[in-house]
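Residue-level listing of the chains:
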Amino acid sequence: MGLLINGQWHDKWYDTASHQGEFKREEAKLRHWVTHDGSAGPSGNAGFEAQAGRYHLYVSLACPWAHRTLIFRQLKGLTDLISVSVVSPDMLEKGWSFATDNHSSGDALFQFDNLFQLYCKNNPAHSGRVTVPVLWDKVKNCIVSNESSEIIRMFNSAFDHLTGNKLNFYPDNLTSEIDTINEFIYHNINNGVYRCGFATTQQAYEQAFDALFNALDKVEERLSSQRYLCGNVITEADWRLFTTLIRFDAVYVGHFKCNLRTIESYPHLSAYTRELFQIDGVAETVDFYHIKRHYYFSHAHINPTQVVPKGPEIDYFKAHHRDELIG
Ligand SMILES: N[C@@H](CCC(=O)N[C@@H](CS)C(=O)NCC(=O)O)C(=O)O
């Protein structure tokens, strides 16, 4: 685990010491946008036109941020248009690797050993963390984006004229409600579990823990009277929450000490997680081997033995009964 400084790899854990033990996630730095006609998006440069076969997605199956992009690729009918490479779940001293002995696909484009080499190919003087997901442009030979929240917005609409897929997870009439709930869920839940797990002081941990379970309680209440976060349609906000919920009981409860309650113990959150899991195409994006192996094996300062737990046994295919449950 580490970062690039002027194109040089440094094996270094997150700096929590300068923030009173709190984990602060670095902002993604590479923020161009693929658009239907190649015009500029909200940030970055123009010139990234949606085309079949042009873009390649680098993901970890363990990572909740990368998982969002895989779900959108699946639901938006992009599997034939956008190819994928899967990193190894083991993120050790050289960061994400393409070692294939642990269910990684290897690097389909350059046969690199490590993801930091891809960042250096994009910019030999890159400084910053080397994160997944990464959207790569095979024509310009560069990184389009390493920000999952923006990659899913691109996937949501930029390729529609090529696929004919008109599913819209960010409809015009809900954008401000989605943005508001995303903000709340990102800080307290998506990143909240990391703020619990990576905290290095009791106080930072407890603050993150209280905010996390307060937020989960609020979402539970919301889902008791409406089917999805923004009403009766599934939106981007639901998929962003889902990737944290599906990892919660397997990893965050134990490894990140998020153990006030499990998701299984919340009637609505658990049924909602199952409902989303059972939507066509979603279950195949969920890989519990990668999820458990990554966290328990890669964070050796949290789990020094690197022993990966066998459980829990949870049947996500079980009937969810959302129809009967919501009031
Ligand atoms: N803002 C990024 C965050 C991505 C992220 O932090 N990914 C984690 C994996 S779960 C990662 O690659 N971490 C490596 C590191 O921080 O060095 C996004 O949402 O795309």
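Cut-offs applied
- Position numbers for residues start from 1 in each chain and track the written sequence from start to end.
- The model is predicted, so local features are restricted to residues of pLDDT at least 70 and side-chain atom pairs to those at 80 or more, both for listing and for counting; the totals for chains, interfaces and linings are taken over all residues.
- Think of a nonpolar core as buried Ala, Val, Leu, Ile, Met, Phe, Trp, Tyr and Cys residues, each tied to the set through C-beta atoms within 7 Å.
- Comment: burial labels come from other C-beta atoms within 10 Å of the residue's own C-beta, placed from the backbone, where a count of 20 or more is buried, 12 or fewer is exposed, and between is partly exposed.
- Secondary structure elements are defined from DSSP: runs of H or I of at least 4 residues count as helices, runs of E of at least 2 residues count as strands, and each element is numbered from the N terminus.
- Boundary definitions for the domains trace back to an automatic or database domain assignment.
- By the criterion used throughout, residues are in contact when their C-beta atoms, derived from the backbone, lie within 7 Å.
- Here, expected helix span is obtained from the residue count minus one, scaled by 1.5 Å.
- UniProt positions are given in the numbering used here, feature names are shortened, and annotations may be inferred rather than shown by experiment.

- An unreviewed UniProt entry annotates the chain as Glutathione S-transferase, C-terminal originating from Pseudoalteromonas tunicata D2.

1. So, the nonpolar core
Item 1. Counting residues in hydrophobic clusters, the biggest one holds 84 residues, and the most contacted among them are Y58, V59, L115, V132 and C196.
Item 2. Ranked by residues supplied to this core, first place goes to helix 8 (residues 236-252) with 10 residues.
Item 3. Viewed by domain, this core spans two of them, domain 1 (2-163) and domain 2 (172-325), each represented by three or more residues.
Item 4. V132 has contacts with Y58, V59, S60, C63, A66, V87, W96 and L115, leaving out every residue within four places of it along the chain.

2. Things to note about helix 7 (residues 202-225)
Item 1. The end-to-end C-alpha separation of helix 7 is 35 Å, in line with the 34 Å expected for 24 residues at 1.5 Å each.
Item 2. For helix 7, every residue scored as buried is listed here: Y205, A208, F209, L212, L216, V219 and L223.
Item 3. Of the surrounding secondary structure, the elements contacted by the buried residues of helix 7 are helix 5 (175-190), helix 6 (192-197) and helix 9 (267-277).

3. Looking at the UniProt feature "site: Lowers pKa of active site Cys" (unreviewed entry) in the chain
Item 1. When the UniProt feature table is mapped onto this chain, "site: Lowers pKa of active site Cys" (unreviewed entry) is found at Y252 and Y295. Sequence-wise these annotated residues cover 44 residues; spatially they are packed, their C-alpha atoms never more than 9.1 Å apart.
Item 2. Relative to the helices and strands, Y252 is located in helix 8.
Item 3. A tally of 25 C-beta atoms within 10 Å means that Y252 is categorised as buried.
Item 4. Among residues more than four places away in sequence, those in contact with Y252 are V193, R247 and C258.
Item 5. Position of Y295 among the secondary structure elements: in helix 10 (residues 288-298).
Item 6. Residues in contact with Y295, not counting those within four places in the same chain, are A62, V251 and H255.

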